[in-house]
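# Close look at the chain arrangement
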Amino acid sequence: MDRDILLILKDMSEKIGVNAYIVGGYVRDKLLNLESDDIDITVEGDGIKFAFMLNEILNGDIEVHDKFETAKIKTRDFELDIVSARKEHYERPGMLPVVQRASLADDIKRRDFTINMLALDVKTNQIIDIYNGADDIKNKLIRVVHDKSFVDDPTRIFRAIRYSGRLGFKIEQHTEWLLRKSISDGDIFNVSADRIMNEIYLILKEKNPEPIVKLMKYYQLDKELFCGIKINTTNLNTSLEKGNTLLYRFLLLFYNATNEDADCLIRKYNLKREYLSGLSDILNIKMNMSNLNENVSIFNTLKDKRIEAISAVHAMEDLNIKQAIEKYYDLAKLKRLEINGDDIKRLGLQPSPIYKEILDKILMDKILGKIKDREDEIKTLLHYVEKVKRGEKI
Ligand code: CTP
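Conventions we followed
- Residues numbered from 1 in each chain as written.
- Predicted model: local features only at pLDDT ≥ 70, side-chain atom pairs only at ≥ 80, totals over all residues.
- Heavy atoms only, no water.
- Domains from an automatic or database assignment.
- 1 Å grid on protein atoms, 1.4 Å probe; cavity = no way out; pocket = protein on both sides within 12 Å on 5 of 7 lines; lining within 4 Å.
- Points joined across faces, edges and corners; volume = space filled by probe spheres on them.
- Helix = DSSP H or I, 4+ residues; strand = E, 2+ residues; numbered from the N terminus.
- Nonpolar A, V, L, I, M, F, W, Y, C, P; charged D, E, K, R; others polar.
- Near = heavy atom within 4 Å.
- Polar contact = N/O pair within 3.5 Å; in protein donor to acceptor, adjacent residues only side chain to side chain.
- Areas by Shrake-Rupley, 256 points an atom, 1.4 Å probe, with all protein chains shown as cover.
- Phe/Tyr/Trp six-rings, centres within 6.5 Å; stacked < 30°, edge-to-face > 60°.
- Buried < 20%, exposed > 50% of the residue type's maximum accessible area, 1.4 Å probe, protein only.
- Lys NZ or Arg CZ within 6 Å of the ring centre and 35° of its normal.
- Axes fitted to C-alpha atoms, helices over the stretch in contact; angles between N-to-C directions.
- Parallel < 35°, antiparallel > 145°, perpendicular 65-115°, else oblique.
- Left-handed = near helix turned anticlockwise from the far one by under 90°.
- Contact = heavy atoms within 4.5 Å.
- UniProt positions renumbered as here; feature names shortened; annotations may be inferred.

So, about the domain arrangement of the protein. Each assigned domain of the protein is listed here: domain 1 (1-133), domain 2 (140-222), domain 3 (226-331) and domain 4 (341-389). Between the C-alpha centres of domain 1 and domain 3 the distance comes to 41 Å.

Given below as structure tokens:
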């Protein structure tokens, strides 16, 4: 498959007479014998025209950003990002750069680390390695090529530790000195909250975020960024079969947050609704931890909580709590009653909030083992409906 795409790119660049190069992560990963389905292509010339012609053959979904002269093609097997070769300058540290068209050499120079600065000429299949990136890959080193790299784009601090944790590479000595300086100078505060949170999500989406989060802690990146929360570095490589793994890992990362910390995090990073409710579910479960000792209170404490929050508590707490949660999962299997509102309606009650009250009560009886099957449910339902009709409390 890779060979096919390489041949298509070669044909295309010969046909329209432009130089095109595969750059960045794809080339790095090839040298490391790692699979990669993200291909970044830099075209010396009109990248968008190239992208449209390429997509006539690939027949994928194409998305174009005229303003940035970039295009994305998604096919079944690959995601291709195509750009016109560019140079960039930063008018202010931490802001997005101003770009203009340029040669491959300029385009390479603007990039973060030497391991991402290799280019593959699609016409000749030759690797162009201006900054000795191949040596750094061999020696497992992450290295910047100019001293302003982290100042211009402080998100590269996160990128450096992401590559270091993912690939097991060391941050080269001078680069590490620059990185530490950038952290202690607070360059990261020039970056918007959205971009910072995006880097955190990228870390948590990695196959194994744990070594990366440990590096975050090692370089004390968490200290100022996360409202003083002591981030957790354990259990982060686990995934959820059901539920949203990214949210689950986020909740693990901030497992130690207090109410005030969570409020601060929410305000600072404008978090999505499910992140808010996940954080508040964890705080609520922690507050009621001493109730997790018998069926009804276990069920009542956990019944409306997000699966991601319950799973995070399960991962982090001791055996007693783990067992209580497992009990809850058993109980929750009973959670579905076989009867519903239609059955109540048939018995002649007008729809009202009393329906929920009745069904909740029957559910609780089922959890307590007083009720087993549909027949029992109907019998109990009749009993409650009669009471309501008589004007009695159920
Ligand atoms: N890049 C950069 N500075 C950034 C972001 C990206 O220099 N802040 C450059 C890097 O050279 C990188 C390329 O843009 O190789 C593409 O970025 P991205 O897709 O994020 O990285 P990949 O190299 O594809 O690596 P990954 O495996 O993490 O996706």
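What follows deals with empty space enclosed by the protein. Enumeration according to the criterion identifies one cavity of 30 Å³ or more in this entry. Here the largest cavity defines a volume of roughly 40 Å³. Surrounding the largest cavity, Leu251, Phe254, Tyr255, Ala257, Ala262, Leu279, Ile282 and Leu283 form its lining. Ranked by residue count, the leading element in the lining of the largest cavity is helix α14 (residues 273-287), at three residues. For the lining of the largest cavity, the residue count by class is eight nonpolar, no polar and no charged.

Moving on to the site of the ligand. Taken together, 14 residues form the shell around the ligand, and within it Arg28, Asp112, Asp153, Arg159 and Arg166 come nearest. Separating an oxygen atom of the ligand from a backbone N or O atom of glycine 25 is a distance of 3.1 Å. Notes on the ligand: free accessible area 560 Å², of which the protein chains cover 74%. Both domains that furnish three or more residues to the shell around the ligand are identified here as domain 1 (1-133) and domain 2 (140-222).

Quick look at the packing of aromatic side chains now. Between two aromatic rings, the relevant description is the distance of the centres plus the angle of the planes. Taken as a whole, this structure holds eleven aromatic pairs when the rule is applied. Note on tyrosine 201 and phenylalanine 250: the rings are 6.4 Å apart at their centroids and 50° apart in plane angle, and the pair reads as tilted. Here tyrosine 201 is found in helix α9 (residues 193-205), whereas its partner phenylalanine 250 is found in helix α12 (residues 245-253), with 49 residues between them in sequence. Of the two residues examined, tyrosine 201 and phenylalanine 250, each falls in the buried class. Here the aromatic residues Tyr201, Phe226, Phe250, Phe254, Tyr269 and Tyr275 are joined through ring pairs into a cluster of three or more. In this structure, arginine 162 packs its charged tip against the face of tyrosine 163, placed 5.7 Å from the ring centre.

Unlike most non-glycine residues, glutamine 220 shows phi in positive territory, near 55°. Residue placement: glutamine 220 occurs in the loop between α10 (210-218) and α11 (222-225). A positive phi angle, close to 65°, is found at asparagine 235, a residue other than glycine. Mapped onto the secondary structure, asparagine 235 falls in the loop between α11 and α12. For asparagine 235, a relative accessible area of 26% puts it in the partly exposed group.

Attention shifts here to the packing of α14 against helix α16 (residues 307-316). Geometrically, a packed helix pair is captured by the angle between its two axes and the distance between the axes. In the contact formed by α14 and α16, the axes pass within 8 Å of each other and the chain directions differ by 45°. Viewed along their axes, α14 and α16 adopt a mutual orientation that is oblique. Read as a crossing pair, α14 and α16 show a hand that is right-handed. Counted together, Gly278, Asp281, Ile282 and Ile285 of α14 and Ala309, Ile310, Ala312 and Val313 of α16 form the full contact between these two elements. Its residues assigned to classes, the contact of α14 with α16 shows six nonpolar, one polar and one charged.

Turning next to the UniProt feature "domain: Poly A polymerase head" (unreviewed entry) in the protein. With numbering aligned to this structure, UniProt lists the feature "domain: Poly A polymerase head" (unreviewed entry) at residues 20-143. Within residues 20-143, the helical portion is 25% and the strand portion 34%, while the C-alpha atoms at the span's ends are 25 Å from each other.

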